[in-house]
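Single-letter residue listing:
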Amino acid sequence: MFLHRKELIQPVSVGVPDARFGTFLLEQFGGATGELTAALQYWVQSFHVEDAGIRDMLQDIAIEEFGHLEMVGKLIAQHTSRIDQTSVFDAPLFKLKGGGPHFLDSQGSCWTAAYIQEGGNVVRDLRADISAEAGARQTYEALIKACDDENSKKVLVHLLTREITHANMFMKALDSMGKLDDPFFGNIEPDETVRLVFNLSQGEDERGPWNEEPDFDFVENPKPAGGFPPAPINPDDEHRAPSRAPAKASKKGTANRSA
Ligand code: MN
Ligand code: MN
């Protein structure tokens, strides 16, 4: 059951409407790092998570993200409530589609379910969720830097803050499974290369805990270990005629041009 209350979780009251900034805000309404992506990602994940506590957490956060979607939507609606002739040129998207919000990103691309990361394993899901919160937080920081309206800024700082809280909750959930700092999860054992770090970008090499003992063996000059693969087999493929070997081809070309 869903129950919607019309009061917002935090006040949204734009001081000076700016349709161009409304276009930027679309990134958090219909964009990859936006609130629709977060809400639907955590919601759908909750359907296949066995752990009751983590399932409940995912549902609480999913619903909060729907509340965020509502707040961003109200911000966009207020920023596009007065599209004067000057801002029309800065925000053609709203001139053509009408005042916001719409499920488009700041560049006018349609929202897509391909933004959503979910499925198969709760560790994968929670790690994807930390990534989603990082993306959302970063977009909010960019929006806050680009924002001239103090009232809008207040809302955006609240939204940025909540993404930090969510990231912390996801990290604590992973930690409770011992999976916050353990790269292994799932049921398939890795092969013998699991400790190897290949120095494949050579010159001015940097060393650090990501390629050092005790977790890693650094391979200074990696060599191919797979040998040459068999030649491809394709019965339908075309072949060069013996008389058109590459060495003679350039002479023939010259002759043809002069003819
Ligand atoms: Mn959010
Ligand atoms: Mn969040």
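For clarity, every value in this text was computed on a predicted model and none was experimentally measured. (Residues numbered from 1 in each chain as written. Chains lettered and ligands numbered in written order. Predicted model: local features only at pLDDT ≥ 70, side-chain atom pairs only at ≥ 80, totals over all residues. Heavy atoms only, no water.)

Brief notes about the overall build of the protein
Each helix and strand counted, the protein has nine helices and two strands in total. Ordered by position in the sequence, the α and β elements of the protein form the string α-α-α-α-α-α-α-α-β-β-α. What you see for the protein is a C-alpha radius of gyration of 27 Å, clearly larger than the 18 Å of a compact globule of 259 residues, by over 25%. On the principal axes, the C-alpha backbone points of the protein span a range of 80 × 60 × 45 Å. (Helix = DSSP H or I, 4+ residues; strand = E, 2+ residues; numbered from the N terminus. Rg over C-alpha atoms; globule rule 2.2 N^0.38 Å.)

A short note on unusual backbone geometry
Residues Gly-100 and Pro-101 are joined by a peptide bond in cis, for which omega reads 0°. Note the cis peptide between Glu-213 and Pro-214, where omega equals 5°. Along the chain, the position of Pro-214 falls in the loop between strand 1 (196-198) and strand 2 (217-219). In this model, Glu-204 sits at a positive phi of 50°, which is unusual for a non-glycine residue. Within the fold, Glu-204 resides in the loop between strand 1 and strand 2.

Description of the packing of helix 3 (residues 35-46) against helix 7 (residues 122-145)
Where helix 3 contacts helix 7, the axes come no closer than 11 Å and their chain directions differ by 165°. The angle between helix 3 and helix 7 falls in the class roughly antiparallel. Judged by the twist between their axes, the crossing of helix 3 over helix 7 is left-handed. Only Asp-125, Ala-128, Asp-129, Ala-132, Glu-133 and Tyr-140 of helix 7 make contact with helix 3, whose side of the interface consists of Glu-35, Gln-41, Tyr-42 and Gln-45. The class makeup of the residues in the contact of helix 3 with helix 7 is four nonpolar, two polar and four charged. (Axes fitted to C-alpha atoms, helices over the stretch in contact; angles between N-to-C directions. Parallel < 35°, antiparallel > 145°, perpendicular 65-115°, else oblique. Left-handed = near helix turned anticlockwise from the far one by under 90°. Contact = heavy atoms within 4.5 Å. Nonpolar A, V, L, I, M, F, W, Y, C, P; charged D, E, K, R; others polar.)

So, the confidence of the model for the protein
Summarising the model, the protein shows a mean pLDDT of 92, and 92% of its residues fall at 70 or more. Per-residue pLDDT stays below 50 along residues 251-259; that stretch engages in one contact with residues further than four places along the chain or on separate chains. (pLDDT = per-residue confidence, 0-100.)

Regarding a nonpolar patch on the surface
A surface patch of nonpolar side chains, about 300 Å² in accessible area, is lined by Leu-196, Phe-198 and Leu-200. Looking at the element boundaries, Leu-200 is found in the loop between strand 1 and strand 2. A relative accessible area of 66% places Leu-200 in the exposed class. (Patch = residues over 30% accessible without salt bridge, like charges linked within 9 Å, V, L, I, M, F, W, Y side chains within 5 Å. Areas by Shrake-Rupley, 256 points an atom, 1.4 Å probe, with all protein chains shown as cover. Salt bridge = Lys/Arg side-chain N within 4 Å of Asp/Glu carboxyl O. Buried < 20%, exposed > 50% of the residue type's maximum accessible area, 1.4 Å probe, protein only.)

Describing the coordination of the manganese ion (ligand 1)
Perfect tetrahedral coordination of a metal by four donors corresponds to 109.5 degrees between them, and perfect octahedral coordination by six donors corresponds to 90 or 180 degrees. Coordination of the manganese ion (ligand 1) by the protein involves Glu-35 (OE), Glu-35 (OE), Glu-65 (OE), His-68 (ND1) and Glu-163 (OE), with metal-donor separations of 2.1 to 2.5 Å. For the manganese ion (ligand 1), the single-chain donor residues occur in sequence as E-x29-E-x2-H-x94-E. Between the manganese ion (ligand 1) and the manganese ion (ligand 2), the interatomic distance is 3.7 Å, and Glu-65 donates to each metal, bridging them. One end of the pair, Glu-35, is in helix 3; the other, Glu-65, is in helix 4 (residues 52-79), with 30 residues separating them in the sequence. Across the pair, exposure class does not vary: Glu-35 and Glu-65 are buried alike. (Donors = N, O, S within 2.8 Å, 3.2 Å for Na, K, Ca; no water.)

Digging into the nonpolar core
Within the largest apolar cluster, 25 residues are counted, with the highest numbers of intra-cluster contacts made by Leu-25, Leu-75, Ile-76, Tyr-140, Leu-156 and Leu-159. Put simply, the parts of the chain that give this core at least two residues each are helix 1 (19-25), helix 4, helix 6 (92-97), helix 7 and helix 8 (150-176). Once you skip the residues sitting within four places of it in the chain, Tyr-140 turns out to touch Gln-28, Glu-35, Val-72, Leu-156, Leu-159, Leu-160 and Glu-163. In this structure, Tyr-42, Val-49, Leu-126 and Ile-130 belong to the second largest nonpolar core, which totals 14 residues. (Core = buried A, V, L, I, M, F, W, Y, C linked by side-chain atoms within 4.5 Å.)

Description of the pattern of salt bridges
Charged atoms that come close allow side chains of opposite charge to pair. With the rule as written, the count across this model stands at nine salt bridges. Among the salt bridges present, the one from Glu-7 reaches Arg-5, with a minimum N-O distance of 3.0 Å. Under the relative-accessibility criterion, Glu-7 is labelled exposed at 52%. The exposure class assigned to Arg-5 is exposed, which follows from its relative accessible area of 57%. Here Lys-153 ties to Glu-150 by a salt bridge, and the two come within 3.8 Å at their closest N and O atoms. Placement of the pair is Lys-153 and Glu-150 together in helix 8, with a separation of three residues, close to one helical turn. Residue Lys-153 is classed as partly exposed on the basis of its relative accessible area, which comes to 24%.

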